[in-house]
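Residues per chain are reported as follows:
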Amino acid sequence: MAVQSLLQYMGSSLLLCLAAGLVALLHFLTSLKKSVCSLPPGPRPLPLIGNLNVVDLKKPFQSLTELSKIYGNVFTVHFGPRKAVVLAGYETIKDALLNHAEEFGERAEIPIFRKMTQGNGIAFSHGELWKTMRRFTLSTLRDFGMGKRTIEIRILEEVNSLITYFESYHGKPFDTKMILNNAVSNVICSILFGERFEYDDPVFLTLLKLLNENTKLLGSPGVLLYNFYPSLGFLSGASKTVLQNVSELNVFLQKLFQEHKEEFNENNLTGFVDAFLMKQQQESKKPHTMFNNGNLLFSTLDLFAAGTETTSTTVRWGLLLMMKYPEIQRKIQEEMNHVIEPGELPKLKDRKKMPYTDAVIHEIQRFANIVPMGVSRSTPTDVNFQGYVIPKGTEIIPLLTSALNDELHWKTPYQFNPSHFLDADGNFIRREAFIPFSIGRRACVGEGLAKMELFLFFAGLLRKFVFQTPPGVDTSDLDLTADVGFTLNPMPHLVCAIIAKKMSFLISFISDPALICLLCAAVLLAVLYFSTGYKNSAFKFPPGPTPLPIIGNLHLVDLRRQDKSLMKLAEKYGPIFTLHFGFQKVVVLTGYEVVREALVNYTEEFVDRPSIPIFDQIQNGNGTREMSGGLFFSIGELWRTTRRFTVCSMRNLGMGKKMIEGRIFEELHFLIEMIKSFKGEPFSLTSFNCAPINITFIMLFGDRFDYKDPTFLTLLRLIDEVMILLGSPYLNYFNFYPFLGFLFKTHKIMLGKIEDVRVILRQYMKASREDINENSVRSYIDALIFKQQEEKNKKDSLFHDDNLIASILDLVMAGTETIATTLQWAILLMMKYPEIQKKVQEEIGRTIKAGSWATYEDRKNMPFTNAVLHEVQRFITLLPHVPRCTAVDTHFRGYFLPKGIIVIPSLTSVLLDKTQWETPHQFNPNHFLDAEGNFVKREAFLPFSTGRRNCIGESLAKMELFVFFVGLLQTFTFQPQPGVSESDLDLTVPQTTFTLRPQPQATCAVLRE
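This text gives an overview of the structure that appears in the document. (Residues numbered from 1 in each chain as written. Predicted model: local features only at pLDDT ≥ 70, side-chain atom pairs only at ≥ 80, totals over all residues. Heavy atoms only, no water.)

A word on the overall build of the chain
Then comes step 1: Counting secondary structure elements, the chain contains 35 helices and 22 strands.
Then comes step 2: For 1009 residues, the compact-globule estimate of 2.2 N^0.38 gives 30 Å, and the C-alpha radius of gyration of the chain, at 33 Å, lies within 12% of that figure.
Then comes step 3: Along the first, second and third principal axes, the C-alpha atoms of the chain reach 105 × 65 × 55 Å.
Then comes step 4: A total of 1009 residues make up the chain; the buried ones form 58% of that total.
Then comes step 5: Residue pairs at least 24 apart in sequence account for 74% of intrachain contacts in the chain once pairs closer than 6 positions are excluded.
Then comes step 6: Distance between charge centroids for the chain: 1 Å, based on 106 positive and 103 negative side chains. (Helix = DSSP H or I, 4+ residues; strand = E, 2+ residues; numbered from the N terminus. Rg over C-alpha atoms; globule rule 2.2 N^0.38 Å. Buried < 20%, exposed > 50% of the residue type's maximum accessible area, 1.4 Å probe, protein only. Contact = heavy atoms within 4.5 Å. Lys, Arg positive; Asp, Glu negative; His and termini not counted. Charge placed at Lys NZ, Arg CZ, Asp CG, Glu CD.)

A word on the layout of surface pockets
Then comes step 1: Its boundaries defined by the atoms lining it, the second largest pocket holds a volume of some 770 Å³.
Then comes step 2: Counting residues per element, the ones that place at least two in the lining of the second largest pocket are helix H3 (60–71), helix H4 (90–99), helix H15 (355–368), helix H16 (400–404) and strand E9 (482–484).
Then comes step 3: By residue number, the principal contributor to the lining of the second largest pocket is H3, which donates six residues.
Then comes step 4: When grouped by side-chain class, the residues that make up the lining of the second largest pocket number 13 nonpolar, 11 polar and six charged. (1 Å grid on protein atoms, 1.4 Å probe; cavity = no way out; pocket = protein on both sides within 12 Å on 5 of 7 lines; lining within 4 Å. Points joined across faces, edges and corners; volume = space filled by probe spheres on them. Nonpolar A, V, L, I, M, F, W, Y, C, P; charged D, E, K, R; others polar.)

Considering the nonpolar core
Then comes step 1: Core analysis: the biggest nonpolar cluster contains 150 residues, and Phe697 and Leu968 have the highest contact counts within it.
Then comes step 2: It is helix H31 (residues 801–832) that contributes the most residues to this core, 17 residues altogether.
Then comes step 3: Each residue touching Leu968, except ones within four places of it in the same chain, is listed here: Leu668, Leu671, Ile672, Ile675, Phe688, Leu823, Ile827 and Phe974.
Then comes step 4: Among the nonpolar cores identified, the runner-up in size contains 149 residues, and Phe204, Leu218, Phe416 and Phe457 belong to it. (Core = buried A, V, L, I, M, F, W, Y, C linked by side-chain atoms within 4.5 Å.)

Considerations on the packing of aromatic side chains
Then comes step 1: With the rule as written, the count across this model stands at 53 aromatic pairs.
Then comes step 2: When the ring of Phe272 is compared with that of Phe276, the centres are 6.2 Å apart and the planes differ by 50°; the resulting orientation is tilted. Here the residue Phe272 and the residue Phe276 both occupy positions in helix H12 (residues 272–282), the gap between them amounting to four residues, near one helical turn.
Then comes step 3: Residue class for Phe272 comes out buried when judged on its relative accessible area of 0%.
Then comes step 4: Exposure remark for Phe276: the relative accessible area of 0% places this residue in the buried category. (Phe/Tyr/Trp six-rings, centres within 6.5 Å; stacked < 30°, edge-to-face > 60°.)

Examining the sheet that holds strand E22 (residues 1002–1007)
Then comes step 1: Taken in spatial order, the three strands line up as E14-E22-E19 in an open sheet, and their pairing is antiparallel. Strands at the two margins of the open sheet, each flanked by one partner only, are strand E14 (683–684) and strand E19 (972–975).
Then comes step 2: Pairing of E19 with E22, which is carried by four bridges, proceeds in the antiparallel orientation. Opposite Phe972, over in E22, you have Leu1007 as the bridge partner. (Pairing = 2+ DSSP bridges.)

Observations concerning helix H25 (residues 658–676)
Then comes step 1: The first and last C-alpha atoms of H25 sit 27 Å apart over 19 residues, in line with the 27 Å expected at 1.5 Å per residue.
Then comes step 2: Of all the positions in H25, only Ile660, Glu661, Ile664, Phe665, Glu667, Leu668, Leu671, Ile672, Met674 and Ile675 are classed as buried.
Then comes step 3: Residues of H25 that are buried sit in contact with E14, helix H26 (690–701), helix H35 (954–971), E19 and E22. (Expected span 1.5 Å × (residues − 1).)

Describing the sheet that holds strand E18 (residues 902–905)
Then comes step 1: In space, the four strands of this open sheet follow the order E12-E13-E18-E15, with mixed pairing throughout. One side of each edge strand has no neighbouring strand; the edge strands of this open sheet are strand E12 (576–581) and strand E15 (884–885).
Then comes step 2: Sheet analysis places strand E13 (residues 584–589) next to E18, joined by four bridges and oriented parallel. By the bridge assignment for E18, Val587 is matched with Val903.

Considering a negative patch on the surface
Then comes step 1: The grouping of Glu195, Glu259, Glu262 and Glu263 at the surface amounts to a negative patch.
Then comes step 2: Among the structural elements, Glu262 can be located in helix H11 (residues 237–262).
Then comes step 3: For Glu262, a relative accessible area of 61% puts it in the exposed group. (Patch = residues over 30% accessible without salt bridge, like charges linked within 9 Å, V, L, I, M, F, W, Y side chains within 5 Å. Areas by Shrake-Rupley, 256 points an atom, 1.4 Å probe, with all protein chains shown as cover. Salt bridge = Lys/Arg side-chain N within 4 Å of Asp/Glu carboxyl O.)

A word on the packing of helix H6 (residues 127–143) against H12
Then comes step 1: Between H6 and H12, the least distance of the axes is 10 Å, while the angle of their chain directions is 130°. Judged by the inter-axis angle, H6 sits oblique to H12. Regarding H6 and H12, the two cross each other, and that crossing is right-handed. On H12, the residues that touch Met133, Phe136, Thr137 and Thr140 of H6 are Phe272, Ala275, Phe276 and Lys279.
Then comes step 2: Along the lines of polarity and charge, the residues of the contact of H6 with H12 split into five nonpolar, two polar and one charged. (Axes fitted to C-alpha atoms, helices over the stretch in contact; angles between N-to-C directions. Parallel < 35°, antiparallel > 145°, perpendicular 65-115°, else oblique. Left-handed = near helix turned anticlockwise from the far one by under 90°.)

Examining the pairing of strand E1 (residues 74–79)
Then comes step 1: Along E1, six of the six residues are buried, which leaves the element largely enclosed by surrounding structure.
Then comes step 2: The alternating pattern of E1 places Val74, Thr76 and His78 on one face and Phe75, Val77 and Phe79 on the opposite face, and all of these are buried.
Then comes step 3: Sheet topology places E1 next to strand E2 (residues 82–87); six bridges connect them, and they run antiparallel. Counted as the bridge partner of His78 is Lys83 from E2.

Details of unusual backbone geometry
Then comes step 1: Its identity is not glycine, yet Leu48 carries a phi of approximately 75°, on the positive side.
Then comes step 2: Its place among the elements puts Leu48 in the loop between helix H2 (13–34) and H3.
Then comes step 3: Among the residues examined, Leu48 registers a relative accessible area of 30% and is labelled partly exposed.
Then comes step 4: Despite not being glycine, Ser438 shows a phi value in the positive range, around 65°.
Then comes step 5: Position of Ser438 relative to the elements: it lies in the loop between H16 and helix H17 (447–464).

Some remarks on the pattern of salt bridges
Side chains bearing opposite charge may pair, as long as their charged atoms lie close to each other.
Then comes step 1: Scanning all chains against the criterion turns up 42 salt bridges.
Then comes step 2: Lys216 is the salt-bridge partner of Asp483, the closest N and O atoms lying 2.4 Å from each other. Of this pair, Asp483 sits in strand E9 while Lys216 sits in helix H9 (residues 202–217), and the two are 267 residues apart along the sequence.
Then comes step 3: With a relative accessible area of 38%, Lys216 lands in the partly exposed category.
Then comes step 4: The partner of Asp563 in a salt bridge is Arg561, and the shortest N-O contact between them spans 2.9 Å.
Then comes step 5: Three or more residues are tied together by salt bridges with common partners; here these are Glu158, Arg196 and Glu198.

Observations concerning the environment of Leu319
Then comes step 1: Locating Leu319 in the fold gives a position in helix H13 (residues 293–324).
Then comes step 2: Here Leu319 falls in the buried class, since its relative accessible area comes to 0%.
Then comes step 3: It is 57 Å that separates the C-alpha atoms of Leu319 and Arg663, two residues lying 344 residues apart in sequence.

Description of the environment of Thr140
Then comes step 1: Inspection of the secondary structure puts Thr140 in helix H6.
Then comes step 2: Taking the relative accessible area as the measure of exposure, Thr140 reaches 4% and is therefore buried.
Then comes step 3: On a C-alpha basis, the gap between Thr140 and Asn265 in space is 16 Å, while along the polypeptide they are 125 residues apart.
Then comes step 4: When residues no more than four places from it in sequence are discounted, the contact partners of Thr140 are Phe272 and Ala275.

Digging into the packing of H11 against H13
Then comes step 1: It is at 10 Å that the axes of H11 and H13 come closest, and there the two elements cross at 110°. By the angle class used here, H11 and H13 are roughly perpendicular. Between H11 and H13 lies a crossing whose hand is right-handed. Judged by residue contacts, Val246, Leu249, Asn250, Leu253, Gln254, Phe257 and Lys261 of H11 engage Asn293, Leu296, Leu297, Phe298, Thr300 and Leu301 from H13.
Then comes step 2: Looking at the contact of H11 with H13, its residues break down into eight nonpolar, four polar and one charged.

What to know about the environment of Lys914
Then comes step 1: Positionally, Lys914 belongs in the loop between helix H34 (907–911) and H35.
Then comes step 2: When the C-alpha atoms of Lys914 and Thr1003 are compared, they prove to be 32 Å apart, with 89 residues separating the residues in sequence.

Topic: H13
Then comes step 1: Here H13 contains 32 residues, and its C-alpha end-to-end distance of 47 Å stays within 8% of the 46 Å for a straight helix at 1.5 Å per residue.
Then comes step 2: Among the 32 residues of H13, 27 are classified as buried, and the element is accordingly described as predominantly covered.
Then comes step 3: Between the side-chain oxygen of the N-cap and the backbone nitrogen of Gly294 there are 3.2 Å, and the N-cap of H13 in question is Asn292. (Polar contact = N/O pair within 3.5 Å; in protein donor to acceptor, adjacent residues only side chain to side chain.)

In structure tokens, the structure reads:
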């Protein structure tokens, strides 16, 4: 295996043995020096060859993966006389590269790269030189558009050029390797040099050929053996070819540099090279400046090579996989038909609305695994790591393939499965073990650009073409085995790019079999729809868009973000308009003035809840309106009695009083201790949920849960899953067409999870009945049981078991989700706007004594903090609306609304009302401050709604938010995780559940002194 490669690539075995004898002596002498170190275990090395007898030099990453199964996730391997420590598995790699970033932050001395670069550039430089070049490079790439709209425009221009090239083959087979290299390379060339090259430019094609050859050779056994035995380099033809190719690349670059120097204009910098030249001029008088010609040359070459090879290879893998799995390709194109306007290419802003496409791209990167061994690191000092002592200068191999195929993190690691990045409802989810760009201090500097390119190139090509195998080639014939070089390329193959046919909205709407059945069945009800329309035509309804048969106005509404669609329609039809969700007619109220007038001045008329099929089934199981219990979706006397009792009981249990504030302080202590346990490492924002959820449980059950309690964790999981399902478009379809419920699964899944919650609640009710003490009501459940016993002889008592369970269930769901999610948003916004976080902490320092917690009463002396918390609640528009219905025939603003008509008061439109807020779509605490910095109340601040149906837990929520938020910022400073900047934190497209949650993200909590 490797021994044969050794003989084959080095020539004469006799010469090798004689020369290697000298190397062996040095090897064992240095081994004596280092033997005192407790190195990780590994296979016993043989003289001269080390462990090359167990390593396949054609696929070393596979050999190392197999060795990790024997020796564990940290092991030592000897490549001839060269000793390396291998890190396998995501947790180990993360521990080393993030938690021990400094200790594993150097680049290994790899002979071929040392010979190529002389230590210059970005990728293989060291120490202060590397820090300076990386800092300058990141700053300059951002200046020239990385991560911004300017570079997106350039990429889209290149996508259009690429599409034109693909079209020229008219569906005939062709090889995509060179043309994809050309297109992707043109993007980095536009940043480096301010220009692109034509695809048939002979000089450019020669350069790309040299680059491709080097990429192949750098992973070849010949070059690997050169790295292990550099003193025998005169025997290695492969390494000589690599160095010759680099020399030719350098000649081309030097010519370009000269042209830029001759045309240099500091007032018109065209790209990275010009920026470097200007920096050279600025530091020309410094005797030891790092901005020399060597660093210009190899920094540019590093970016040119990396910016071409990795992204183009990933896109090639993507197109090959789409041919292999045409059903996945079809689903991507269906998703784009729903999101992208006809004739348009996908843009970055569309990515958040294309979760399946995003998942496929991430899975391509995971599955293709194009840099399986990463790029070797080294230890700048002796390092204690996981019980081992790794000496200074040891080569470290972070085996990225072991993270991307880690069975602890991926359900089917060796299968191409986009579901790895999708939740049960089809939403995109980030995965911690997804590290194709590596992590830590040496992570890829072009990650942001690469992600942008991958999406725009891949989605753009699939928007225009369907990719098929050539005639006579079956999908089963496509070989997914990698062609190994420095990166893993697809094996040579041909593709056919067939121009995709555009699908209309209607075709895409009925592409789902369930929706086909829905459409067919609904046709039978169209006559009923129009006949009822004649009856209602006598009423003067508000204006609105003309409904289509069967679907009404669903074609105008984004069911994942109804609030945005309603605000857009209000711009056309006014603050009061009529909308049709299928056969269901609703009246929408938008803007502060209209919503307030309806819910406050007409409180009795708009007090009821409508019949919503899913909530009717949740609360009583039979779907009938009359029996729906609980707090939120009951009506009439049942609602009034239950609400009155609940408000009274909650106050008796301490809501809004010092008694419950003491419990909040206790919970804050547990939350802080949990966060401290992360020791500054990244953790999920959802970790903040535990504390506010426990406060709700204290009120309901009389005691808190340990954060690791199995019942607590089960309830958290069930609540989370229910909230996600409640935001599902398919659940909306069930509500619009309940008679077709047999076609849908989402509501059935959700009802099953609700029943699991009920089982837990019944257990607590049973325990309360067995231990009831009228002199010691400890919880809301106790209060309900006691009231039930009081009225046990009352014939028509409303405190029956179904209503008790329904009321507790309402509080479990609402009292946990809203406060917990708001706290997540608050921390995320502090990471996004660190200057605001700093001002809050400064105010805390001035107001609160050291060693004390801020009380709710202290908010009066903390106007900026109070304003920030109010602005968090306004900005996030957490609960866009909860529908009402008219309790009686109602005349409102010149329109007649019959009894029972569904009314949607859009709270989003109130919290973003341009007539009430100076900058409604910006996070701006000044909305709640006057010119002197005093806190001011704003009438249009209605996150808890208003009128008789406003949130009953408003006072508890306000107290919790203030105490938790201030306590956390008193103790920690919250920052994005390493590798993520404030600008990378995305606030624009929340995760749509029943509430608007932030996208899954992580934070680092740095303990304040």
